[in-house]
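Coordinate analysis (summary)
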Amino acid sequence: MRWAVSGKLRKLLFAKSRGSAESFLTLIPQLFVFLVMFQLVFMQFSIMRESNFSQAELAKVAIKGGSIDYERHSLAGGGSVLLLDQRGVIDKFIDFGFTSGKRVISIAVDENENN
């Protein structure tokens, strides 16, 4: 008797734990949206990181001098504005055959043009 009750209970639990096609079909779009959002957050983080590194590098050039590929525009009262324009491609997790370009622009003021 005891074994018969546990067998019926086991069948009932296994029958209720099976998923249906409808629940599976609702999980696919949710997973897709999650992956796309994760990729967008990762791409935005990559652009922000690249922008911060580029700005720091250009600020070092404005203070100490250096030789990176930047444009120098003279100011009327002396000094100059340094402009660094970098273009590249962003790494992606989900790739549909399209590349995503990025453009990072950094600007710094150099008060001493002799650097």
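Keep in mind it's a predicted model, so treat the numbers as computed, not measured.

So, about the pairing of strand β1 (residues 71-74). In this structure, β1 lies alongside strand β2 (residues 80-89), joined through 4 bridges in antiparallel fashion. Bridge assignment links Arg72 to a residue of β2, and that residue is Leu82. Counting the residues that bridge the hairpin from β1 to β2 gives 5 residues, and of these Gly78 lies at a positive phi of roughly 110°.

What follows concerns helix α2 (residues 21-64). Compared with the 64 Å implied by 1.5 Å per residue over 44 residues, the 65 Å span of α2 between its first and last C-alpha is a close match. Of all the positions in α2, only Gln39, Met43, Ser46, Ser54, Leu58, Val61 and Ala62 are classed as buried. Positive phi appears at Gly65, one or two residues downstream of α2, with a value of about 90°.

What follows concerns the pattern of salt bridges. All chains considered together, the criterion is met by 4 salt bridges. The shortest N-O distance in the salt bridge between Asp85 and Arg87 comes to 3.9 Å. Asp85 is paired through a salt bridge with Arg103; the nearest N and O atoms lie 3.0 Å apart. With Asp85 in strand β2 and Arg103 in strand β3 (residues 101-110), this residue pair connects regions lying 18 residues apart in the sequence.

Criteria and cut-off values
Residues numbered from 1 in each chain as written. Predicted model: local features only at pLDDT ≥ 70, side-chain atom pairs only at ≥ 80, totals over all residues. Heavy atoms only, no water. Pairing = 2+ DSSP bridges. Helix = DSSP H or I, 4+ residues; strand = E, 2+ residues; numbered from the N terminus. Expected span 1.5 Å × (residues − 1). Buried < 20%, exposed > 50% of the residue type's maximum accessible area, 1.4 Å probe, protein only. Salt bridge = Lys/Arg side-chain N within 4 Å of Asp/Glu carboxyl O.

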